[in-house]
Amino acid sequence: MKDGKKTTLWERYLTKEIGIEFKACLYFFAILFFYCVYRMINGDMSADIIHMTEMIFTCYIIGYIQVYLLRNFDEAEKLGVREWVGMTVCTGLYGAVSFFGKWFDGNVLVTLILAAYILITYVCVYFIYKSKRRIDDKKLNEELRLFQTRHQK
């Protein structure tokens, strides 16, 4: 039943899928940047296509886990225990895939640095989403105020 006000099941599903797409691109870019810096530091100006394929697939899979199983922790209202557990689980998954996929030549130290980098990225993304919500709230409140003043005349 679509009355123009309630979101349909399809719209809710599509919203989640768009969010997963965005997350996959965002985290893939962050990981790929880290990977490229690692490669350049080691004197290699090329990136392995297999590694990049593993990275993007990992980002999509973790995006689905994040949205459907871990309550979309990077878009949460606050950083509580549940959100930190979600960040830790997903960071561990990224670290495990990077280690076993030999993205960093099996270097444990670089894998741990990647994990710290991903945790920092999650926290930054959390604050970005929080800021966006605050800005959206301000815009909506302003639009509501303008609507109310127009209809009071």
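Since the model is a prediction, treat every value here as computed from it, not as a measurement.

J.: Hey, could you run me through helix H2 (residues 49-69) in this one?
T.: Every α-helical turn comprises 3.6 residues, leaving residues that sit three or four positions apart pointing alike. In a regular helix each residue adds 1.5 Å, so 21 residues correspond to 30 Å; H2 covers 29 Å between its end C-alpha atoms and thus fits that length. For H2, the complete set of buried residues consists of His51, Met55, Thr58, Cys59, Ile62, Gly63, Gln66 and Val67. Seen end-on, H2 carries its buried residues on one side only, within an arc spanning 155°. Set apart from the buried face of H2 by more than 90 degrees, the exposed residues are Ile49, Ile50, Phe57, Ile61 and Leu69. Its side-chain oxygen placed 2.7 Å from the backbone nitrogen of Ile50, Asp48 serves as the N-cap of H2. Once H2 ends, the next one or two residues include Arg71, with phi positive near 55°.

J.: Before we go on, may I ask you to explain the pattern of salt bridges in this structure?
T.: Between side chains of opposite charge, a pair can form as their charged atoms come close. Applying the stated criterion to the full structure yields 6 salt bridges. A salt bridge links Lys23 to Asp74; its shortest N-O distance comes to 2.6 Å. With Lys23 in helix H1 (residues 9-41) and Asp74 in the loop between H2 and helix H3 (81-100), this residue pair connects regions lying 51 residues apart in the sequence. An identical accessibility class is assigned to Lys23 and Asp74; each is buried. Residue Lys132 pairs with Asp136 through a salt bridge whose shortest N-O separation is 2.7 Å. In this pair, Lys132 and Asp136 are both assigned in helix H4 (residues 108-151), 4 residues apart and thus about one turn of the helix distant. Accessibility expressed as a relative area gives 45% for Lys132, which makes it partly exposed. Residues joined in a network through salt bridges with shared partners are Lys23, Asp74 and Glu75.

J.: Could you clarify how one ought to interpret the packing of aromatic side chains in this entry?
T.: Centre-to-centre distance and the angle between the planes together describe a pair of aromatic rings. Evaluated as defined, the whole model comprises 11 aromatic pairs. Ring plane angle 90° and centroid distance 5.4 Å describe the contact between Phe34 and Phe104, whose orientation is recorded as edge-to-face. Within this pair, whereas Phe34 is found in helix H1, its partner Phe104 is found in the loop between H3 and H4, the two being separated by 70 residues in sequence. Accessibility classification places Phe34 together with Phe104 in one group, the buried group. Here Tyr126 and Phe127 contribute two aromatic rings whose centre-to-centre distance is 5.0 Å and whose plane-to-plane angle is 70°, an arrangement assigned as edge-to-face. The buried category is assigned to Tyr126, whose relative accessible area is 3%. Three or more aromatic residues link up through ring pairs in this structure, and these residues are Phe34, Tyr35, Tyr38, Trp103, Phe104 and Tyr117.

J.: Could you clarify how one ought to interpret a nonpolar patch on the surface in this entry?
T.: Together, Trp10, Tyr13, Leu14, Ile18, Tyr64, Tyr68 and Leu69 make up a nonpolar patch on the protein surface, roughly 760 Å² of accessible area in all. Considering each element in turn, the nonpolar patch owes the most residues, 4 residues, to H1. Examined against the element boundaries, Leu14 turns out to sit in helix H1. Residue Leu14 is classed as partly exposed on the basis of its relative accessible area of 34%.

Thresholds applied
- Residues numbered from 1 in each chain as written.
- Predicted model: local features only at pLDDT ≥ 70, side-chain atom pairs only at ≥ 80, totals over all residues.
- Heavy atoms only, no water.
- Helix = DSSP H or I, 4+ residues; strand = E, 2+ residues; numbered from the N terminus.
- Expected span 1.5 Å × (residues − 1).
- Buried < 20%, exposed > 50% of the residue type's maximum accessible area, 1.4 Å probe, protein only.
- Arc of directions from axis to C-beta.
- Polar contact = N/O pair within 3.5 Å; in protein donor to acceptor, adjacent residues only side chain to side chain.
- Salt bridge = Lys/Arg side-chain N within 4 Å of Asp/Glu carboxyl O.
- Phe/Tyr/Trp six-rings, centres within 6.5 Å; stacked < 30°, edge-to-face > 60°.
- Patch = residues over 30% accessible without salt bridge, like charges linked within 9 Å, V, L, I, M, F, W, Y side chains within 5 Å.
- Areas by Shrake-Rupley, 256 points an atom, 1.4 Å probe, with all protein chains shown as cover.

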